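Residue-level structure breakdown
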Amino acid sequence: MATYEWLYVGIALAFLTAWINGANNAGNVVGVAIGARALNMKKAMLVAAVFELLGGVLFGERVSTTLMAHVVDLRRVPAQMLVAGVLVVLLVTFAWTLVSTVIKIPVSVSQSVVGGLVGFGIAVAGFSVVAWSKVVEIVASWFYLPFLSMAISYLVYKAYTRLASSTSWLKLVVSSCLLVFSATLVMLTLLLAKYAESVGFLSVLSWSLQASLLVSLLYYALVLRKLSKSRDSSSIRTEVSRHLLLGSCIAMSLAHGAHDVANTAGPLSIIAYASEHREPLDSAMRIPLEALLVSALGISIGMLTWGYRIIGTIGEKISPLTPEAGFVAQLSSAIAVVVVVRLGLVSSTTLAIVGSVLGVGLARGTSYVNFKTVLKIIATWIIGFP
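In this text the structure is predicted, and so the values were computed from the model without any measurement.

We now examine a nonpolar patch on the surface. A contiguous nonpolar surface patch, about 420 Å² in accessible area, is contributed by L46, V50, L54, L58 and L304. For the nonpolar patch, the leading source of residues is helix α2 (residues 41-59), giving 4 residues. Within the fold, L46 resides in helix α2.

Shown next as C-alpha cells:
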C-alpha cells in the first residue's frame, strides 16, 4: 500500500478513536450536570460538543506535542515502522475503549495511548528508546490528579455551601459572582499562559481579567432576570446553582478538549510526518492544525452520538449529586485538568472528575459515596496502561 494511503487509514482510525474517546468521556463533561437533574441532556451535550471543539483546536497543541515527541525517541525508529506501530496503538486504544464503553465504565484513553506507545517503542528498539523520565512524570500525574481534584472539590464545596446557606439573596448573588470571576480568571490565565512568551505575562493577565469581568457581569445579568420575577431565597439559590453548573460544564468542556485531543492528534501527527518524510523524525515537529481539528471533531461527534451511554456512571453511581454539589465537582475537575494541560502532561480527565465527585461526596459524608463503583473504575484504570 502506498504511503499516502496509510495516512488515510491513520486519519480514519484516529477519528474513530477520538469518537469513542468522546463517547466514553462524555460523562466527564456533562455527567455531573445531568446526574444533578440540573440540565437537559441534549442541550448539555450540544454545549459540551461546541466547547470541546474550541478547547481542542485552540489549546490542544501542548499536550499533543508531549504525546507525539516526548514519550518515545522518534529518531531511533524508522519512519515506516512508526506508521505501523502508531496505527496499532490507535487500533488497540479504540478496541479497549469500545469494550469499556459497552460495559459503561469510564476509562482513561490517555493511559491506553501512553501504554501503547511505550510498548511499541520497547518492541521496536528496546527500553532505551522510551523517555522514561517523561513517562514517570505522566504516570505520577495519574496518582496525584484525582487527589488534587478531590482536595479542591472538598474545600470548595465546604466554602461555597457555607456562603450559599445565607438567607440573604444579596450575599448569595455577590458570593456566586465572585466565585465565577475567580474561577474564570484561574482557567483563562492557565490556558492563555502559552502566549506569555510572545506578548508578556502582564498582557495575558490583562486579557484574563477583562474576560473574567465580562463573564461575571453576564452571569450577574442572568441572575437579575430571575430576581425580577422572584426574590425567594430558595428559588434564587436553585437558579444560581443551575447557572453555575452550566458555566462549569463549559469550563470542563474546554479543559477536556484541550487535554484529550492529544490522544489522537499526537499519534496522527506522527503518521502524517512519517508518511511524508522517509528520514528519522525529530522532536522539533509541530502539531498540524488539521490533526487537532480531526481529533476535536471526533470527540465532539462521539459525545453527541453515543455519549449518553456512560453518563450515568459519573453522574449518579459514584455519589448522588445536587446542582450545588455538581457545580463544585465539575469546576474542581476543570481546574485540575487545566493545571496538567499547562504542564503539558498526558494525564486523565476521568481521574480528575471521579476524584472531584468523590471529594464532594466525602464533604457531604461517606454515606454519599458508592465505593463499589469507585473500586470498579480503579480496577479498569489499572488494567488500561499495561
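A complete count under the given rule lists 3 salt bridges for this structure. Residue E61 pairs with R286 through a salt bridge whose shortest N-O separation is 2.9 Å. One end of the pair, E61, is in helix α3 (residues 61-69); the other, R286, is in the loop between α11 (262-276) and α12 (289-306), and 225 residues separate them in sequence. A salt bridge links E137 to K134, with the shortest nitrogen-to-oxygen separation between them at 3.7 Å. Remark: K134 and E137 occur in helix α6 (residues 132-164); sequence separation between them is 3 residues, near one turn of the helix. Here K134 falls in the buried class, since its relative accessible area comes to 18%.

Across all of its chains, the model carries 3 aromatic pairs by this definition. An angle of 0 degrees between the planes, with centres 5.9 Å apart, marks the rings of W19 and W306 as stacked. Of the two residues, W19 is situated in helix α1 (residues 3-35) and W306 in helix α12; the sequence distance between them amounts to 287 residues. With a centroid separation of 6.3 Å and an interplanar angle of 25 degrees, the aromatic rings of F127 and W132 are classed as stacked. Taking relative accessible area as the criterion, F127 reaches 54% and is therefore assigned exposed.

Now for the environment of N25. By the element assignment, N25 lies in helix α1. Note on N25: relative accessible area 1%, which makes it buried. Once residues lying within four places of it in the same chain are set aside, the contact partners of N25 are V107, H256, D260, M303, T349 and T350.

Glancing now at empty space enclosed by the protein. A full pass over the atoms with the stated rule returns 1 cavity of 30 Å³ or more. Taken as a whole, the largest cavity holds about 70 Å³ of empty space. For the largest cavity, the full set of lining residues is F59, R62, L190, L191, K194, V341 and R342. Every element with two or more residues in the lining of the largest cavity is listed here: α7 (169-192) and α14 (323-343). Residue classes in the lining of the largest cavity are distributed as 4 nonpolar, no polar and 3 charged.

To describe two helices that pack against each other, one gives the angle between their axes and the distance between the axes. Packing of α14 against helix α15 (residues 349-364) leaves a shortest axis separation of 8 Å and a crossing angle of 140 degrees. With respect to α15, the element α14 is oriented oblique. In terms of crossing hand, the pair formed by α14 and α15 is right-handed. Contacts between α14 and α15 involve A325, V328, A329, Q330, S332, S333 and V337 from the former and T349, A352, I353, S356, V357, V360 and R364 from the latter. Partitioned by chemical class, the residues of the contact of α14 with α15 number 8 nonpolar, 5 polar and 1 charged.

Below, the discussion takes up the nonpolar core. In terms of nonpolar packing, the biggest core is built from 103 residues, with V30, L67, V71, L117 and V240 touching the most fellow members. A per-element tally of this core places α14 first, with 12 residues. In this structure L67 touches V113, V114, L117, A262, N263, P267 and V346, once residues within four positions along its chain are discounted.

The calculated volume of the largest pocket comes to roughly 530 Å³. Around the largest pocket, the lining comprises 22 residues; the ones closest to its centre are V180, T184, V215, G247 and I250. Looking at the lining of the largest pocket, the elements that each hand over two or more residues are α7, α9 (201-229), α10 (233-260) and α14. Sorting elements by how many residues they give to the lining of the largest pocket places α10 first, with 8 residues.

Next up on the list: α6. In this model, α6 (33 residues) spans 47 Å end to end at C-alpha, consistent with the 48 Å of a helix rising 1.5 Å per residue. A bend of about 35 degrees at Y144 is the largest found in α6, and the proline P146 appears one to four places after it.

Orientation of α6 relative to α14, taken along the N-to-C sense of each, is 140 degrees, at an axis distance of 8 Å. On the basis of the axis angle, α6 is oblique to α14. Two packed elements cross with a definite hand, and for α6 against α14 that hand is right-handed. Here α6 contributes Y144, L145, L148, S149, I152, S153, V156, Y157, Y160, T161 and A164 to the contact with α14, which in turn contributes E324, A325, F327, V328, S332, S333, I335, A336, V337, V340 and L343. A class-by-class count of the residues in the contact of α6 with α14 yields 16 nonpolar, 5 polar and 1 charged.

Moving on to the confidence of the model for the protein. On average, residues of the protein score 85 in pLDDT, and 89% of them are at 70 or above. Ranking the elements of the protein by mean pLDDT puts helix α13 (residues 311-317) last, at 61, and α12 first, at 95.

Cut-offs and rules
Residues numbered from 1 in each chain as written. Predicted model: local features only at pLDDT ≥ 70, side-chain atom pairs only at ≥ 80, totals over all residues. Heavy atoms only, no water. Patch = residues over 30% accessible without salt bridge, like charges linked within 9 Å, V, L, I, M, F, W, Y side chains within 5 Å. Areas by Shrake-Rupley, 256 points an atom, 1.4 Å probe, with all protein chains shown as cover. Salt bridge = Lys/Arg side-chain N within 4 Å of Asp/Glu carboxyl O. Helix = DSSP H or I, 4+ residues; strand = E, 2+ residues; numbered from the N terminus. Buried < 20%, exposed > 50% of the residue type's maximum accessible area, 1.4 Å probe, protein only. Phe/Tyr/Trp six-rings, centres within 6.5 Å; stacked < 30°, edge-to-face > 60°. Contact = heavy atoms within 4.5 Å. 1 Å grid on protein atoms, 1.4 Å probe; cavity = no way out; pocket = protein on both sides within 12 Å on 5 of 7 lines; lining within 4 Å. Points joined across faces, edges and corners; volume = space filled by probe spheres on them. Nonpolar A, V, L, I, M, F, W, Y, C, P; charged D, E, K, R; others polar. Axes fitted to C-alpha atoms, helices over the stretch in contact; angles between N-to-C directions. Parallel < 35°, antiparallel > 145°, perpendicular 65-115°, else oblique. Left-handed = near helix turned anticlockwise from the far one by under 90°. Core = buried A, V, L, I, M, F, W, Y, C linked by side-chain atoms within 4.5 Å. Expected span 1.5 Å × (residues − 1). Bend = angle between axes of the 7 residues up to and from the residue. pLDDT = per-residue confidence, 0-100.

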